[in-house]
2 protein chains.
Amino acid sequence: MPSNPGWVKQLTVAEPQGGDLLAKERAGSNINVDQLAEYMFTKETLEKRERILKILVEDPVFDKSQNYFQGRESRIEASLAKGKRLRQLTVKHNWTQDDYVVANDLLSEPTPYGLHATMFLVTLREQGTPEQHKLFLERAQKYEIIGCYAQTELGHGSNVRGLETTATWNQNDKTFTIHSPHLTSSKWWIGSLGKAANHAVVMAQLIIDGKRYGPHPFVVQIRDLKTHEPLENVHVGDIGPKFGYNTMDNGFLLLNHVKVPHVNMLARFSRVDPGSGKYVRPANPSAVYGTLTWVRSTIVLQSGSVLARGVTIATRYCAVRRQFQDMDAKGNVGENQVINYTMVQYRLLPLLAATFALHFTGRGMIRLYEENQKRTAAKQEASQLSDSNRRPGPEELNPGADLLADLHATSCALKSYGSTVAGEGLEACRRACGGHGYSSFSGIGTWYADYLPTLTWEGDNYMLTQQVCRYLLKSARAVLSGKASENDTSRILKAFLARRDTGAAFDVLASDTDLVDAFAWRVAYLTFEALQHRDVEKQSWNSLLVDFYRLSTAHAQYMVVKSFYDALVEESTRSSLDRQTLAVLHKLFRLFALHTLEREASEFFSSSATTVRQITLTRKAVMKLLEEIRPHAVRLVDSWKFPDWQLDSSLGRYDGKVYEDMFYRASELNPLNKVVFDPYPDSPVLFKKDERTKSKL
Amino acid sequence: MPSNPGWVKQLTVAEPQGGDLLAKERAGSNINVDQLAEYMFTKETLEKRERILKILVEDPVFDKSQNYFQGRESRIEASLAKGKRLRQLTVKHNWTQDDYVVANDLLSEPTPYGLHATMFLVTLREQGTPEQHKLFLERAQKYEIIGCYAQTELGHGSNVRGLETTATWNQNDKTFTIHSPHLTSSKWWIGSLGKAANHAVVMAQLIIDGKRYGPHPFVVQIRDLKTHEPLENVHVGDIGPKFGYNTMDNGFLLLNHVKVPHVNMLARFSRVDPGSGKYVRPANPSAVYGTLTWVRSTIVLQSGSVLARGVTIATRYCAVRRQFQDMDAKGNVGENQVINYTMVQYRLLPLLAATFALHFTGRGMIRLYEENQKRTAAKQEASQLSDSNRRPGPEELNPGADLLADLHATSCALKSYGSTVAGEGLEACRRACGGHGYSSFSGIGTWYADYLPTLTWEGDNYMLTQQVCRYLLKSARAVLSGKASENDTSRILKAFLARRDTGAAFDVLASDTDLVDAFAWRVAYLTFEALQHRDVEKQSWNSLLVDFYRLSTAHAQYMVVKSFYDALVEESTRSSLDRQTLAVLHKLFRLFALHTLEREASEFFSSSATTVRQITLTRKAVMKLLEEIRPHAVRLVDSWKFPDWQLDSSLGRYDGKVYEDMFYRASELNPLNKVVFDPYPDSPVLFKKDERTKSKL
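Residues numbered from 1 in each chain as written. Chains lettered and ligands numbered in written order. Predicted model: local features only at pLDDT ≥ 70, side-chain atom pairs only at ≥ 80, totals over all residues. Heavy atoms only, no water.

Per an unreviewed UniProt entry, chain A carries the name Acyl-coenzyme A oxidase and comes from Neoarthrinium moseri. Per UniProt, chain A carries the Subcellular location (unreviewed entry) text "Peroxisome". The Catalytic activity (unreviewed entry) field of the UniProt record for chain A holds the comment "a 2,3-saturated acyl-CoA + O2 = a (2E)-enoyl-CoA + H2O2". (UniProt positions renumbered as here; feature names shortened; annotations may be inferred.)

(A) Region of interest: the domain arrangement of chain A. Residue and element names in this part refer to chain A. When its domains are assigned, chain A resolves into domain 1 (119-283), domain 2 (289-385 + 395-493 + 503-636) and domain 3 (657-697). Each partner contributes to the interface: domain 1 provides six residues, whereas domain 2 provides eight residues. When domain 1 packs against domain 2, close to 550 Å² is buried across both sides, 63% of that on carbon and sulfur atoms. Summed over the shared surface of domain 1 and domain 2, the result is zero salt bridges. Between domain 1 and domain 2 we count one residue pair in polar contact (both at pLDDT 80 or more) in total. For the side of domain 1 that touches domain 2, the residue count by class is two nonpolar, three polar and one charged. (Domains from an automatic or database assignment. Contact = heavy atoms within 4.5 Å. Buried area = accessible area lost by both parts, 1.4 Å probe. Salt bridge = Lys/Arg side-chain N within 4 Å of Asp/Glu carboxyl O. Polar contact = N/O pair within 3.5 Å; in protein donor to acceptor, adjacent residues only side chain to side chain. Nonpolar A, V, L, I, M, F, W, Y, C, P; charged D, E, K, R; others polar.)

(B) Seen up close, the UniProt feature "binding site: FAD" (unreviewed entry) in chain A. All names here are of chain A. Following the UniProt record, one finds the feature "binding site: FAD" (unreviewed entry) at Thr-152 and Gly-191. Their sequence span is 40 residues, while the largest C-alpha to C-alpha distance among them is just 10.6 Å; these annotated residues converge on one region. Checked against the element boundaries, Thr-152 lands in the loop between strand 1 (149-150) and strand 2 (166-170). Excluding its chain neighbours within four sequence positions, the residues that come into contact with Thr-152 are Gly-157, Ser-186, Lys-187, Trp-188 and Ile-190. Looking at the secondary structure, you find Gly-191 in the loop between strand 4 (187-190) and strand 5 (199-208). (Helix = DSSP H or I, 4+ residues; strand = E, 2+ residues; numbered from the N terminus.)

(C) Structural detail: the interface of chain A and chain B. Listed by partner, the interface residues are 150 residues for chain A and 150 residues for chain B. The junction of chain A with chain B conceals about 13100 Å² of combined surface from both sides, 62% of it contributed by carbon and sulfur atoms. Between chain A and chain B we count eight salt bridges in total. Between Arg-550 of chain B and Glu-598 of chain A there is a salt bridge; the shortest N-O distance is 2.4 Å. Looking at the side of chain A that touches chain B element by element, the count peaks at 11 residues for helix 5 (residues 72-93) of chain A. Each residue belonging to the side of chain A that touches chain B can be placed in one class, and the counts come to 70 nonpolar, 43 polar and 37 charged.

(D) Fine view of the sheet that holds strand 4 of chain A. Residues and elements named next belong to chain A. Taken together, three strands build an open sheet; the order of strands is 4-8-7 and the sheet is antiparallel. Strand pairing shows two members of the sheet lacking a second neighbour, strand 4 and strand 7 (234-238), which therefore form its edges. Sheet twist, expressed as the average angle between the axes of neighbouring strands with direction ignored, equals 15°. Summarising the sheet, strand 7 and strand 8 (residues 251-255) pair through five bridges and their orientation is antiparallel. (Pairing = 2+ DSSP bridges. Axes fitted to C-alpha atoms, helices over the stretch in contact; angles between N-to-C directions.)

(E) Expanded view of the UniProt feature "active site" (unreviewed entry) in chain A. All names here are of chain A. Here, UniProt's "active site" (unreviewed entry) annotation points to Glu-458. Along the polypeptide, Glu-458 turns up in the loop between helix 13 (445-451) and helix 14 (464-480). Since its relative accessible area comes to 29%, Glu-458 is described here as partly exposed. The contacts of Glu-458, once residues within four sequence positions are left out, are Leu-292, Val-295, Arg-296, Ile-299, Lys-415 and Leu-464. (Buried < 20%, exposed > 50% of the residue type's maximum accessible area, 1.4 Å probe, protein only.)

As structure tokens, then:
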């Protein structure tokens, strides 16, 4: 790289400096950044993050300086090196699973070990027998075998029942033959399969004696443990470049009548009896249900911090960036900080509010899930003690089933809503950075592109809403027939029925609880409306999908508003935070709720939750809140405590040296500046000065 | 690349085949595809496209097979080769500018000549004197010099007045000294500057005798014409990778007291008199105004076809893709085509309607602009003939100024709205393709990423809305004071005032003209509301920016609805299209309008343009229209006539061979499948089998 000439090195940024602007922002707010951060993440977690960050930053394998420049092959090669080093560090520092997750978060890129370290190990652990744990799990934990979880097929996504791959039981030699009958049955999108894995858990249709028993998991070795070349009758590879996530080797897999022994069918829940060749039914079909609920709750919690990265970058840059004078300013007062424009505040600050809202919601979900797990375990134990001979009823087999069903539906609604808000919010943050948001150095584009699959995986955000509504309709029927369980969903449905004929009259502008209740009212209204369409008017399920999407979104918004409110009034919150910080969080709660209400105004009208006049006033209240929150914006994003190394963004630097960093990356790191074009159309030469000098024409 | 083993080559796609599904779709609609295409584009244009397509497809330089796999350097190298070849073909086939544009559209990627061929030539032509045309334009047209247009700076985007680069007049030697005083004054984002250009039109603050005269254009040579190395005191390079647009060498440029002769200041409109050193004021300041209006109108027209590419891909794939059985289906009826789900229709078909709506709107804009240009030219000529000695007044100098002001405001509103709809619509199309939408082979991701800058350049989509509202407020004041010109804006404002006290009562569900009028009513309502805030309540401009954005969007939506309606009732339309095709276009018009009305419901309520009950009925009407349009969806996208070569999409193939193509690209074209990983964390080797075999750890 030619270094910058002397006269360039002497150039400075025009006044005012970004660092001074940010310092002024920080001086103008009394938010207690460290206190708020400790309350959100705990002191231990923050210290752990610091400790691990130090290890990563000092290790040259984790150097990020070429990330934005490298093509896919170099990127994935570097990412494999990072994956290997993370594993080595895990062993060296005796990292827990939690430490490993923190390190991955700081690294902020998927590595080719990603699916081995998560889905492969989890599946072996949860669906394997002790014998299988010994055979597969223990070796996988030691990285002696590397695996992945192969479910989705080229022609089959969400619909697991539609999978084509077959596993046929051979009674004579006690084996299964795994086979891909068509091109469309090729496993596809499987993370860590393309290049890294030598084993796969393959979901295949179990066939015994010509009869189909649905999809089941089989461990299949696919590559040689020494040469890493595909085994015979295995066709495996990387599926090619994607919109993002290009450091992951998402792969394809075709199997041509590949035989695996009986022990390779994961048999904790259902199995084939090798003696009789009979299928043995699953003991506890809802176990997986619980895992998915857990995974989705994690996505909800993450959606807050995923979005917070974009909001941190955009907020800091909008405080440094100046464009135009204020239209009403007299004389030459200099350009205005972009964050002072109400249109920028209107785009950015509701997203800032959403980061906290989603964080508290996700945290609440995970707490509920953990409580439920404990209660279930306790009840099961008690039930086993009380009568070990009596045959248990279904409710006893899974005593938390009812609460779990509610949690499951809520997790579906919130996964769909939270990841949509985060994904679309990141793009809004990128645009709020103006032209520079489009540069890779903004740090938002790659992050956004890598996050987008979350809107599709673990249940497509549109598909999932059907599950939410199935549950809400069932709850409404139960409430109407007087057989409803005691949970929040039944409570809001009953409250609606009780006041349906007297009207709502929520004081959304003056009362926080009325504001929460208005969101609940809208959910109940839409639920009974959908029930009317489905049960009374007998409308087809398909004709109601758009209504269902709206209902699920309304339900998620209610949950988020309620969770944020609950977090604010919690004793532990009030004792952890000082008065000023609490007051600003309260404003963020109101901004999130009122801004959402304003955007969804027509449903609040038509359900009579609010009047038209209240919506007009809501708009004014939102503008007022923007003005009140604006001085605290920089300190609020500081509270998320993203290290610069993690953000890898010129625009989002803590020290405000935005333009210096943009220039440095472009001028000194950019490998394209090593080559010299031959610009004349009639010349056959393309690059004049480059080791690859060649003529292409 | 290892070729697929024999057993893989024999695999077929599971029934039904994509080709059969698309054939059935095409058989189920009576839309006259060729007739509709000829009506939209003219037969001549379609034939020209075919002719040029043939030339490009047969030329190996334009091979697209590695596009999705290449890293930035290889991509830009290939793109330079394509740029050169396009120029050679232009000479060889004697292509017109229009032919060249068609070739570029088919190629569908920016090349490093992009800004030379457009902005550099246009600026020299429009802002240069005949002497300067000879000196610069003629050589540029022959590609003897390659140039770009350098306006934006690292610290200064939209606000041209804030530019830092200076051009100081030296009376002693009749030169200008061009200088970059700070790092933030570095030119930035300049297309074709980074690697290709040897000249730049640099916008710099003109300084004479210490006095500033604002930004003016200067031609500056920046690289040696032989070696292509930067000249002394010039620091120039590529700004690095971006979210998209990576085949373009957007560049930076710093100038250290670089002297250029007097002739290098483009002097058609304003100039420095070399004898006296006095500044001579521009003769016709609104000329640039007209060019920008033209550029924005083009963006509006393009936004329809930009979006149509995504809609074509998504619609075809949603007809081929099948997922789940219909929920109410009895027994095993097989999986349902995704396009049959109402939720998919609701996401996709309004976008399909928008493609036509934007196309007709853009076409209308360009016609109006051209008419206005003709009228202006005619009036100017007449005025010169009648009295060649009289000094003309400002209105005579630019007799179309009033219509141009209306056109200018409309083009701002429509540029902002149209490019936002297209950009966000493409992402909606990508998601409608489910998981496979995320693959580069979908062809949507790259296209979307390359399009996104359009939302920011030629006037940021948020900033522009202020110009729209400034015009609307001015018009409203003129209407109130009885001094309004005769144009559509005045008409709708007057119509509102006339009925304000008697109410609207638009029959939006039964009458097309009432539907259009309801959109107009909303615009007028919001305009007078904004006027009240600004003029009566004296609210600050900044506090109204969110209201202005809403108002501009409302104005754009009105224009689009009106333009679509006008196109439908036009005699030329009714005589060009058969009854069935017209009937479906009419449904698309209603879908676009009613779906927009439903989404913006709260503004239609609060302005009393509709009742709450009408909104509820609108929802039902939208669902009905989706059902009626769905059978025609594939033929409607066929009418856009995108060749497969242009789409470069596995999912959007005309023949429906979606899965075959995905598999082929992944398995046979993907260079990553040439390397073999070493997957063990303790091994220092990363890639086992690759020419670059190395150990990194």
